[in-house]
Amino acid sequence: MVGIFGIGIDIVSIARITAMREKQGEKGLSLIFLPSELDYCRARANTDESLAARFAAKEAVMKALGTGWAQGVAFTGIEVIREGEGKPEIRLHGATADKAEALGAGRIHCSLSHGAGVAIAEALIEKACK
């Protein structure tokens, strides 16, 4: 039986992401999102909804890890992917992956949603199998 390491949830205003994108442009986006995430979101009908959902997912993962945006955990160390029409998946990279492993975090489950001007995400992290 696998135990739960942590759970996190985050909600973000889509207008906040739109304002950030308009004010900070590509430089600001690159501090939060990986190129693969930006490519995916730009191919969607509403780019800012997709960006907001991914931003919320990254925050939810940070909360589930119990670190927030600290201890080596960074926005660009968390990648939200979606293969085809499948469910969203989380991949960790670099220092973020190292920190998660050191803490004993295992597989990450994620759910995304958006509507009525907001995006929400939940992350559940299993304990690593030993």
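Here the structure is a predicted model, which is why all the values come from computation and not from measurement.

Concerning the packing of helix 2 (residues 35-42) against helix 3 (residues 47-65)
Here is step 1 of the chain: In contact at an axis separation of 8 Å, helix 2 and helix 3 are set at 145° when each is read in the N-to-C sense. Counted together, Glu 37, Leu 38, Tyr 40, Cys 41 and Arg 42 of helix 2 and Thr 47, Ser 50, Leu 51, Arg 54 and Lys 58 of helix 3 form the full contact between these two elements.
Here is step 2 of the chain: A breakdown of the residues in the contact of helix 2 with helix 3 according to their chemical character gives four nonpolar, two polar and four charged.

Section: the sheet that holds strand 1 (residues 4-13)
Here is step 1 of the chain: Taken in spatial order, the three strands line up as 1-5-4 in an open sheet, and their pairing is antiparallel. Each having just a single partner strand, strand 1 and strand 4 (105-115) make up the two edges of the open sheet. Each neighbouring strand pair of the sheet contributes to a mean axis angle of 10°, computed without reference to strand direction.
Here is step 2 of the chain: Pairing analysis gives nine bridges linking strand 4 to strand 5 (residues 118-127), with the strands arranged antiparallel. Paired with Ile 108 across the strands is Ile 125, a residue of strand 5.
Here is step 3 of the chain: Against the sheet, helix 1 (residues 14-30) touches strand 1, strand 4 and strand 5, its axis set at about 70° to strand 1.

Regarding the pattern of salt bridges
Here is step 1 of the chain: Per the stated rule, a full pass over the model turns up four salt bridges.
Here is step 2 of the chain: Arg 21 serves as the salt-bridge partner of Asp 48, at 2.8 Å between the closest nitrogen and oxygen. Linking Asp 48 in helix 3 with Arg 21 in helix 1, this pair joins segments that are 27 residues apart in sequence.
Here is step 3 of the chain: Relative accessible area serves as the criterion here: at 8%, Asp 48 is assigned to the buried category.

Here's the deal with the state of the cysteines
Here is step 1 of the chain: Scanning the model with the defined rule gives zero disulfides in all.
Here is step 2 of the chain: Its sulfur unpaired, Cys 41 is 13 Å from the next cysteine sulfur, which belongs to Cys 110.
Here is step 3 of the chain: Residue class for Cys 41 comes out buried when judged on its relative accessible area of 0%.
Here is step 4 of the chain: Considering cysteine sulfurs only, Cys 110 is the nearest to Cys 129, which forms no disulfide, with 20 Å between them.

So, unusual backbone geometry
Here is step 1 of the chain: Although it is not a glycine, Gln 71 adopts a positive phi angle of roughly 55°.
Here is step 2 of the chain: In this structure, Ala 116 takes a positive phi of about 55° despite not being glycine.
Here is step 3 of the chain: Of note, Ala 116 is situated in the loop between strand 4 and strand 5.

Rules of the game
- Residues numbered from 1 in each chain as written.
- Predicted model: local features only at pLDDT ≥ 70, side-chain atom pairs only at ≥ 80, totals over all residues.
- Heavy atoms only, no water.
- Axes fitted to C-alpha atoms, helices over the stretch in contact; angles between N-to-C directions.
- Helix = DSSP H or I, 4+ residues; strand = E, 2+ residues; numbered from the N terminus.
- Contact = heavy atoms within 4.5 Å.
- Nonpolar A, V, L, I, M, F, W, Y, C, P; charged D, E, K, R; others polar.
- Pairing = 2+ DSSP bridges.
- Salt bridge = Lys/Arg side-chain N within 4 Å of Asp/Glu carboxyl O.
- Buried < 20%, exposed > 50% of the residue type's maximum accessible area, 1.4 Å probe, protein only.
- Disulfide = S-S within 2.5 Å.

Note that all results are geometric; they support no functional claim without further evidence.
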